[in-house]
Structures are given as structure tokens and as C-alpha cells.
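Fold and contact review
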Amino acid sequence: MYFYGTTGVNKDGHLEIGGVDAVELAKNFGTPLYVYDVALIRERARGFKQTFEQQNVRAQVAYASKAFSTVAMVQLAEEEGLSLDVVSGGELYTAITAGFPPEKIHFHGNNKSREELEMAVDQKIGCIVVDNFYEMELLKAICLEKQVKTNILLRVTPGIEAHTHDYILTGQEDSKFGFDLQNGQAENALTAALPFEHFNVLGIHCHIGSQIFETTGFILAAQKIVEKLAEWKERIGFESEVLNLGGGFGIRYTKEDEPIPPSQYVSEIIKEVKKLAGEYLLKMPEIWIEPGRSLVGDAGITLYQVGASKDVPGVRKYLAVDGGMSDNIRPALYQAKYEAVFANRPLAQASETVSIAGKCCESGDMLIWDLPLPEQEDEDILAVFCTGAYGYSMANNYNRIPRPAVVFVENGKATLVVKRETYEDLVRYDLPLK
Ligand SMILES: Cc1ncc(COP(=O)(O)O)c(C=O)c1O
């Protein structure tokens, strides 16, 4: 049995998280319920930040809020001294509503609208990560109209795609994001941006993938970009103040996953960038990173009430819960895998293998295949681990299922941070035919 962060078993034999009994949480707040271990989020944030600080490297650790964006989460990110990566007007609005300092917000996205860019410029956010030529022209027009100067990074695709243990080197990357580094697009973008007096080009950004367990991909990306930076210094006179290597640091969803600690990613990245800056006689850039799942993923648990079961003799047994792809679409979307226990008896011996089905009207709505569990009893609450990233943020109202509540737990205290949706919420924006 693997327990994350403050998760463990209390004296009643129940699952406990943040010093709070998970069965009590289900009783008090209902199910499905997203529960976050705040201490673990703080520990992860400090893990990233302290490594930069200990090595005296100027850095920003920007929480990629797409992983889980709510007012309380953004406020927690601020408490921990993180910057914030947003990718839409909605995430930006959430950050501003939470009172997050605008100068620490970075705005991503491959198709930001005029309205979103204007909002970012009006809020004087820290920087806009320009993704393509269309956006560059739009942002130039906005900055001219408003007579303001904006910090920008240029997003490049360095020709490295990294996934878990594999990374693929490609001449040109087939991606909807960013300016290609190899074919001259990135240089064209730079030379289009530099003379524009309402831009301050801070540096270069890349994001090579997700759930990455090795540092090789980040190191290769840094090498390719720094090589180019050296060329650009020589030919264009541009020196990058910032090198943003994105997010994608892997976490443990199941026993097959063996992530390395945040400090190791950071240390190896720092070592490589220092070496490259020395070799190419470049000023050491500030290093920015954008962890999403590695800050909040394993801090989240979803609690479900177990309901119907169906035995297909000789084939499999299905056990259905009161949520599913409406609160966690990752298994259906990309075959994501999870582990789970009964929160009311996490240490009970498994006696059968069951597959956990959601309640949506979709045969693909399966949360976990082939999970060893004790035989089901009426009061069972299923706790699915590691649902903190891209769970709530991808939740939806398929089958008109209201989205669950979110609770933060820390030091024995549970705080409701997102209310459960109601049926009234579901029809709030519907208008009658007549
Ligand atoms: C630009 C960018 N930065 C950061 C992230 C966060 O990735 P992760 O949650 O895997 O750390 C993403 C994820 O898609 C991204 O696109």
C-alpha cells in the first residue's frame, strides 16, 4: 500500500488525509469529493523553489494552473511564493479574483483572443508567451493602441518530444504550439519582435511534454535552445534573460511509475544551463519552470460512494461509483491509470479483482481496470489516489451530473474551497423555448 503525503490510516482503521478522517469527509461534504492534502502541495512547491535558492540561481517556479485552477489554489500558490502560468481568460480571471500579483502571471496559449490579450495587457501581467505570428501581430496592435510596453517570451519547439521514459528527437516538431527552432521560424519571430518598441523580449520558452521521468529531455531542450541563443547573440545581438523549460515533471500514479524528486530535475537542469552558459560565454539566464501535475497531482484524492456491481461470470466484475468521466476524464481520454482503496477499511485484505465503472452513459466511462479489493460492502467509500491534477480542471457536466465539491485538508482541519454544483446550477444558463 502506498500512501502519499499526510495520507495514512487512523485509529478507527479509516483512511486519513491532512489529519482528517476520509469517511467523515464523505459524510460531511458528500460524494464524489475532491480532497487536497495542502501540506503536500506546500512540500512540493518548496522542493522546487529551495533547490534554486540553495544553488543561488535566479528562477521562477510558475504553477501551471491548468492542472487545478480555483481561487483557493491560486492563493495557496501565492502563499508559497510561486508564479502562475495561465492559458485562458478564465484562468487569468481566477488569478486576478484570487488577488494573485499580476506581475507574477505568465500567459500561455496557442490562440489567445484579442479580448484575452487586452485583459492581460490591462492587468499588466508579468509576461505573455507569444506562440505564433498571428498572435504577435495582434499583440503588437494592442500594445500600440494602448501605448504600453509588454514583456514577452517566445515559445519555441526545440524538436524534442518527451513522454515518460521516451523522448523523440525530430528535425521539426509536429505541434500546434510555438515557433520551430530548426527551420528558422523562431529566428524570424525574434527578429520581428525585437525592433518593436512596445515589446520587451525577455527570453525563450519551451514545454517538451508531460509525465516525464528523466532529465534527458530537459537537458537536450536546454542544449538546443542555448546553442541557438549563442548564434543569436553573435548575429542579432540578442541575449536572453530568461530560459523557461516548461513543466511535465512526472509523478507516481501507480506502482509502475518511479518519479525522481523535484530537486533532482531542478539540480540537473541548473547544472546543464550553467555549463552551457559557460561554454558559449553567455550570461546565466534566469531559469523558469512550470510544474502543474507535480505540484498538485499526488496531493489529490477523490472519494466516491460505491453502488451497483455487475458480475460477468468468467469475464469480470464491475463495481460502479457515483462519479466517473464527469469528474475524472483522464482514464477515458488517455488511458490514465490509478490506484484506489476503500477509505473505510484501507488495510483490508483484497479478495477479488474488480473494475471500477463510472455512472455516465458511456461504456468507455471506466475509472480503473482490474483493481484488487476486498469484497464490497454497502457503506464502502472508494478513495482514488493521485487525482489532483487535470481532474477537477477537466470536470464536466456530461449527463447533467453536477461537478463535485473540493475540500482542502491541513492539520486536522477541512475547508470547503469549491461548492458542489446543484441541479439549479445545471439549468442556470438554459433559456426556455418560449
Ligand atoms: C506550457 C505548459 N507548461 C506547463 C504545463 C504543465 O505540465 P505538467 O502538469 O505536466 O507539469 C503544460 C501542460 O500541458 C504546458 O502546456
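Residues numbered from 1 in each chain as written. Predicted model: local features only at pLDDT ≥ 70, side-chain atom pairs only at ≥ 80, totals over all residues. Heavy atoms only, no water.

**Description of the packing of aromatic side chains**
- Throughout the structure, instances matching the rule amount to 15 aromatic pairs.
- Seen from their ring centres, Tyr 36 and Phe 68 are 4.1 Å apart, and the 10° between their planes marks the pair as stacked. Of this pair, Tyr 36 sits in strand 4 (residues 33–37) while Phe 68 is found in the loop between strand 5 (59–64) and helix 3 (71–79), placing the two residues 32 residues apart along the sequence.
- When its relative accessible area of 0% is taken as the criterion, Phe 68 is described as buried.
- Here a set of aromatic residues connected by ring pairs shows up, and it is made of Tyr 34, Tyr 36, Phe 68, Tyr 392 and Phe 408.
- Over the face of the ring belonging to Phe 107 we find Lys 112, whose NZ or CZ atom lies 5.8 Å from the ring centre.
- Lying across the ring of Tyr 2, Arg 252 places its NZ or CZ 3.9 Å from the centre. (Phe/Tyr/Trp six-rings, centres within 6.5 Å; stacked < 30°, edge-to-face > 60°. Helix = DSSP H or I, 4+ residues; strand = E, 2+ residues; numbered from the N terminus. Buried < 20%, exposed > 50% of the residue type's maximum accessible area, 1.4 Å probe, protein only. Lys NZ or Arg CZ within 6 Å of the ring centre and 35° of its normal.)

**Regarding the packing of helix 4 (residues 89–97) against helix 5 (residues 114–122)**
- At a closest axis distance of 10 Å, the pairing of helix 4 and helix 5 adopts a crossing angle of 25°. Relative to helix 5, helix 4 is oriented roughly parallel. For helix 4 against helix 5, the interelement crossing comes out left-handed. Packed against helix 4, whose contacting residues are Gly 89, Leu 92 and Tyr 93, the element helix 5 presents Glu 116, Met 119 and Ala 120 at the interface.
- The residue inventory of the contact of helix 4 with helix 5, partitioned by class, reads 4 nonpolar, 1 polar and 1 charged. (Axes fitted to C-alpha atoms, helices over the stretch in contact; angles between N-to-C directions. Parallel < 35°, antiparallel > 145°, perpendicular 65-115°, else oblique. Left-handed = near helix turned anticlockwise from the far one by under 90°. Contact = heavy atoms within 4.5 Å. Nonpolar A, V, L, I, M, F, W, Y, C, P; charged D, E, K, R; others polar.)

**Describing the UniProt feature "active site" (unreviewed entry) in the chain**
- Taking the UniProt record as the reference, the feature "active site" (unreviewed entry) is found at Cys 361.
- With sequence-adjacent residues up to four places away left out, Cys 361 is seen in contact with Tyr 398 and Asn 399. (UniProt positions renumbered as here; feature names shortened; annotations may be inferred.)

**Brief notes about the site of the ligand**
- The environment of the ligand is made up of 15 residues, and the closest members are Gly 248, Glu 290, Gly 292, Arg 293 and Tyr 390.
- Between the ligand and Lys 66, the relevant distance is 3.4 Å, taken from an oxygen atom to a side-chain nitrogen or oxygen of the residue.
- One of the backbone N or O atoms of Gly 292 is found 2.9 Å from an oxygen atom in the ligand.
- Calculation on the ligand without its partners gives an accessible area of 390 Å², and the protein chains cover 90% of this total.
- For the shell around the ligand, the per-class residue count stands at 3 nonpolar, 7 polar and 5 charged. (Near = heavy atom within 4 Å. Polar contact = N/O pair within 3.5 Å; in protein donor to acceptor, adjacent residues only side chain to side chain. Areas by Shrake-Rupley, 256 points an atom, 1.4 Å probe, with all protein chains shown as cover.)

**Some details on a nonpolar patch on the surface**
- Residues Met 1, Val 9 and Leu 347 make up a contiguous nonpolar surface patch of roughly 300 Å² in combined accessible area.
- Structurally, Val 9 can be placed in strand 1 (residues 8–9). (Patch = residues over 30% accessible without salt bridge, like charges linked within 9 Å, V, L, I, M, F, W, Y side chains within 5 Å. Salt bridge = Lys/Arg side-chain N within 4 Å of Asp/Glu carboxyl O.)

**Description of the nonpolar core**
- Formed by 128 residues in total, the largest nonpolar core has its most connected members in Tyr 63, Val 296, Leu 303, Ile 356 and Leu 382.
- Per element, the largest residue contribution to this core is 9 residues, and it comes from helix 8 (residues 216–236).
- The contact partners of Val 296, leaving out residues within four places of it in the chain, are Tyr 36, Ile 41, Tyr 63, Ala 67, Phe 68, Met 73, Gly 388 and Ala 389.
- Val 129, Leu 153, Leu 202 and Trp 288 belong to the second-largest nonpolar core, a separate cluster that totals 6 residues. (Core = buried A, V, L, I, M, F, W, Y, C linked by side-chain atoms within 4.5 Å.)

**Focus on the pattern of salt bridges**
- Across all of its chains, the model carries 28 salt bridges by this definition.
- A salt bridge links Glu 187 to Arg 235; the shortest N-O distance between them is 2.7 Å. Here Glu 187 is found in helix 7 (residues 185–193), whereas its partner Arg 235 is found in helix 8, with 48 residues between them in sequence.
- Overall, Arg 235 belongs to the partly exposed group, its relative accessible area being 47%.
- For Arg 345, the salt bridge identified is with Glu 377, shortest N-O distance 3.6 Å. Of this pair, Arg 345 sits in the loop between strand 19 (340–342) and strand 20 (352–357) while Glu 377 sits in the loop between strand 21 (366–373) and strand 22 (381–385), and the two are 32 residues apart along the sequence.

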